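Residue-level structure breakdown
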Amino acid sequence: MGLNEKPLSTLHEKASYDLDDFEVPTGREEAWRFTPLSRLRGLHDGKAEVTGQVLVQVHTPAGVTAEWVGREDPRIGQAYVPADRVSAQAYNAFEKALVVTVPKESVPAEPIRVEVRGGGVDGASYGHIVVKVEALAEALVVIEHQGSAIYADNIEFVVGDGASLKVVTLQDWADDAVHVSHHHAQLARDATFRGFTVTLGGDLVRLSPSVSYTGPGGDADLSGVYFADAGQHLEHRLLVDHSHPNCKSNVDYRGALQGEDAHTVWIGDVIIRVAAEGTDTYELNRNLILTDGARADSVPNLEILTGEVAGAGHASTSGRLDDEHIFYLQARGIPFDEARRLVIRGFLGQLIEKIQIDELRERVLSAVEAELAR
Amino acid sequence: MSTLEIRDLKVAVEDKEILRGVNLTVKSGETHAIMGPNGSGKSTLAYAIAGHPKYTITGGEVLLDGVDLLELSVDERARAGLFLAMQYPVEVPGVSVSNFLRSAVTAVRGEAPKLRQFAKDLKAGMDSLSIDGAFAQRNLNEGFSGGEKKRHEILQLELLKPKIAVLDETDSGLDVDALRVVSEGINRFRASGETGVLLITHYTRILRYVTPEFVHVFAGGRIVEEGGPELAEKLEAEGYEQYTKASA
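Bear in mind that the values here come from a model prediction, so they are computed numbers and not experimental data.

Cut-offs used in this document
Residues numbered from 1 in each chain as written. Chains lettered and ligands numbered in written order. Predicted model: local features only at pLDDT ≥ 70, side-chain atom pairs only at ≥ 80, totals over all residues. Heavy atoms only, no water. Helix = DSSP H or I, 4+ residues; strand = E, 2+ residues; numbered from the N terminus. Rg over C-alpha atoms; globule rule 2.2 N^0.38 Å. Buried < 20%, exposed > 50% of the residue type's maximum accessible area, 1.4 Å probe, protein only. Areas by Shrake-Rupley, 256 points an atom, 1.4 Å probe, with all protein chains shown as cover. Lys, Arg positive; Asp, Glu negative; His and termini not counted. Charge placed at Lys NZ, Arg CZ, Asp CG, Glu CD. Contact = heavy atoms within 4.5 Å. Buried area = accessible area lost by both parts, 1.4 Å probe. Salt bridge = Lys/Arg side-chain N within 4 Å of Asp/Glu carboxyl O. Polar contact = N/O pair within 3.5 Å; in protein donor to acceptor, adjacent residues only side chain to side chain. UniProt positions renumbered as here; feature names shortened; annotations may be inferred. Pairing = 2+ DSSP bridges. Axes fitted to C-alpha atoms, helices over the stretch in contact; angles between N-to-C directions. Core = buried A, V, L, I, M, F, W, Y, C linked by side-chain atoms within 4.5 Å. Domains from an automatic or database assignment. Expected span 1.5 Å × (residues − 1). Bend = angle between axes of the 7 residues up to and from the residue.

Along chain A, the regular secondary structure elements total four helices and 16 strands. Taken over C-alpha atoms, the radius of gyration comes to 20 Å for chain A, in line with the 21 Å a tight globule of 374 residues would show. Across the 374 residues of chain A, 59% fall into the buried class. Within the structure as shown, chain A displays about 14400 Å² of accessible surface, and the carbon and sulfur contribution to it stands at 47%. For chain A, the distance from the average site of its 34 positive side-chain charges to the average site of its 57 negative ones is 1 Å.

When its secondary structure is counted, chain B shows eight helices and 12 strands. Along the first, second and third principal axes, the C-alpha atoms of chain B reach 55 × 40 × 35 Å. Split into buried and exposed, the 248 residues of chain B put 55% on the buried side. Restricting to contacts in chain B with at least 6 residues of sequence separation, those with at least 24 account for 70%. Treating the 29 positive side-chain charges of chain B as one cloud and the 36 negative ones as another, the clouds have centres 4 Å apart.

Facing the 34 residues of chain B at the interface are 18 residues of chain A. Both faces combined, the contact of chain B with chain A buries some 2000 Å², and carbon together with sulfur accounts for 67% of it. Remark: the boundary between chain B and chain A carries one salt bridge. Where chain B meets chain A, there are 10 residue pairs in polar contact (both at pLDDT 80 or more). Looking at the side of chain B that touches chain A, the elements that each hand over two or more residues are helix H1 (42-50), helix H2 (74-80), strand S6 (82-85), strand S7 (92-96), helix H3 (97-109), strand S8 (139-140) and helix H5 (146-160) of chain B. Element by element, the count of residues in the side of chain B that touches chain A is highest for H3 of chain B, at six residues.

With that out of the way, let us pick up the UniProt feature "domain: SUF system FeS cluster assembly SufBD core" (unreviewed entry) in chain A. Residues given the UniProt feature "domain: SUF system FeS cluster assembly SufBD core" (unreviewed entry) here are residues 123-347 of chain A. Between the end C-alpha atoms of residues 123-347 of chain A there is a gap of 37 Å, over a span that is 9% helix and 64% strand.

Okay, the sheet that holds strand S11 (residues 214-219) of chain B next. All names here are of chain B. With mixed pairing, the six strands of this open sheet are ordered in space as S6-S9-S10-S3-S11-S12. Edge positions in the sheet fall to S6 and strand S12 (222-227), since each has one partner strand and no second. On average, adjacent strands in this sheet sit at an angle of 20 degrees to one another, irrespective of strand direction. Inspection of the sheet shows S11 paired to S12 by five bridges, in the antiparallel sense.

In this structure, Leu329, Ile344 and Leu348 of chain A together with Ile6, Leu9 and Leu45 of chain B are the most contacted members of the largest nonpolar core, which totals 112 residues. In terms of residues, this core owes the most to one element, helix H3 (residues 336-352) of chain A, which gives eight residues. A domain split of this core shows at least three residues from each of domain 1 (19-320) and domain 2 (322-374) of chain A.

On to the side chain of His202 of chain B. Residue and element names in this part refer to chain B. Structurally, His202 is set in the loop between strand S10 (196-201) and S11. Here Gly36 takes part through its backbone oxygen, which lies 3.2 Å from a polar atom of the side chain of His202. If we skip the residues at most four places from it in the chain, His202 touches Met35, Gly36, Pro37, Asn38, Lys42, Glu169 and Tyr240.

Residues and elements named next belong to chain A. Look at H3: 23 Å from first C-alpha to last across 17 residues, which is about the 24 Å you get at 1.5 Å a residue. Of all the bends in H3, the largest measures some 30 degrees and sits at Gly346. Buried residues of H3: Ala339, Arg340, Leu342, Val343, Ile344, Gly346, Phe347, Leu348, Gly349, Leu351 and Ile352, and no others.

Further remarks concern the side chain of His325 of chain A. Examined against the element boundaries, His325 of chain A turns out to sit in helix H2 (residues 323-330). Side-chain polar atoms of His325 of chain A contact the backbone oxygen of Glu91 of chain B, separated by 2.8 Å. The contact partners of His325 of chain A, leaving out residues within four places of it in the chain, are Val343 of chain A together with Val90, Glu91, Val92 and Pro93 of chain B.

Residues and elements named next belong to chain B. With respect to topology, four strands assemble into an open sheet ordered S2-S1-S4-S5, the strand pairing being antiparallel. Looking at strand neighbours, the two that pair on one side only are strand S2 (16-27) and strand S5 (67-68), the edges of this open sheet. Looking at chain direction, strand S4 (residues 56-64) and S5 are connected through two bridges and run antiparallel. Bridging from a neighbouring strand, Leu63 pairs with Asp68 of S5.

A word on the UniProt feature "domain: ABC transporter" (unreviewed entry) in chain B. Under the UniProt annotation, the feature "domain: ABC transporter" (unreviewed entry) is placed at residues 4-245 of chain B. As annotated, residues 4-245 of chain B comprises 37% helix and 30% strand, and the C-alpha atoms at either end are separated by 30 Å.

All names here are of chain A. Domain annotation of chain A identifies domain 1 (19-320) and domain 2 (322-374). A separation of 26 Å is found between the C-alpha centroids of domain 1 and domain 2. Between domain 1 and domain 2, the contact holds 31 residues from the first and 20 residues from the second. Where domain 1 packs against domain 2, one counts 10 residue pairs in polar contact (both at pLDDT 80 or more). Within the residue set of the side of domain 1 that touches domain 2, elements represented by two or more residues are strand S5 (138-159), strand S6 (164-173), strand S8 (192-199), strand S10 (219-228), strand S12 (248-257) and strand S14 (279-289). A total of six residues in the side of domain 1 that touches domain 2 trace back to one element, the largest contributor, which is S12.

Right, dumping it as structure tokens:
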């Protein structure tokens, strides 16, 4: 299969299943200019040996099926076409894909849980997951990443007519992990998608959550929190591609950075194509830079190809803790360190509140607390 | 019995001298009103005593029961017994009122209050200031009206029970009903006789509800006239014009 043909915007024009359609990145490309390629451990240039030990386990509630299938399975690659070199590498190198299906009109009582656990950084691993939520079904998926790994994967979320899918992904890797991942949600008519990413661990994590629509009335909400410590590179590259009328999207990512060479990158691309009249979209990224030596790159891009939008906007702010907030809390006797913790926790907590599973929300909050205590 | 002594205090903001030698002593059981025109340095006095980083102390001392507050951090000053009710309380996203108040009370008392007792005290405090109970779950000052912010400042005053309270234009932006509620709170706080109040205001209106023993007129960064409550009445009748001319 060659390059996919669809009306092209200037953003993300390449998509192919064929690894040879993508040059090995040099770091000068727009898509790679923020990523320290030398720390990708060969995921981008084919030099990584596929000897890694990543164990993927899935726990499904009653009524939900999970299958491990070969690459010839027609459900694979249906919603998503790899959009960069590492994604294509992962697509061509995975052994078995996990396909999770939530049948039509079913509403599982419990979340679907996927645990991805790395067993070391001696070799690379590749993965592929498809989560298919059929028409009018409602599901919640939690995907957790832990341990050490050099790992690239693609995840396809296929949300059917009138269906609803909520996904929480937790990147809680060990300090030496390298993870490059694409999460693509394809929304059918009147489908709802709520994605929440939490990225705390890893040496280099590069996540590319994207959304496309195959009918009108789709509604996507992408939220994320990240916390980068000294030396960590945490990159989130979002793309929402509005190609059908009357769809909505909302993006809200917030991060905190502390320590020498803590680096975060947030790219927020939204395309509103000619056919996508009545689109309503907003994207926001906010970064709190807590120490010298940390760097947050934040680049929102909004490309509007139609004159008929309901709403389109974006905002990006990166700054220090507000002295006035700290002064107010200190003036009430609260010591500086605790005042700082309260304000940062509040900043990220406003998003974390969106996580509807109590146990998971508490875990994410305490993980953030642990980052703050470091 | 507590005493706040301000001795020859000089304060600058970005190399510009704002306070030019302020002397003032406030004791428990006393209420002092500081009145003056805009730009006279009243708020600078309040924020400099509390330790706001924008203000540089260029001379003088501020002693609370003999302890030099200027040597302490902002939070240490508060724990030593100083309270500043702010003119423009800042909105802090994501920090709930109840979480904030519990943290503050814990810090000032040196131990966490018993949850049940704290909830009771908080509810009683909110009721007496006509603050809706739902406020406890809202983010600190976020979306509060001007009057709600001021009532919330007084709620903190009553919960934290400082030795000396500095109230910076707590009356500004309040309608008569809100002013009455806020004044009642200040009077409850004063009633113990164990606390001193430094009430900074532009208008004499609040002094009809909270009667001071001493009135000081501020102009050009220092106190230019002092007297009893009758001085406030004179200011009401004559305005600040004579002082602004004199200090210019």
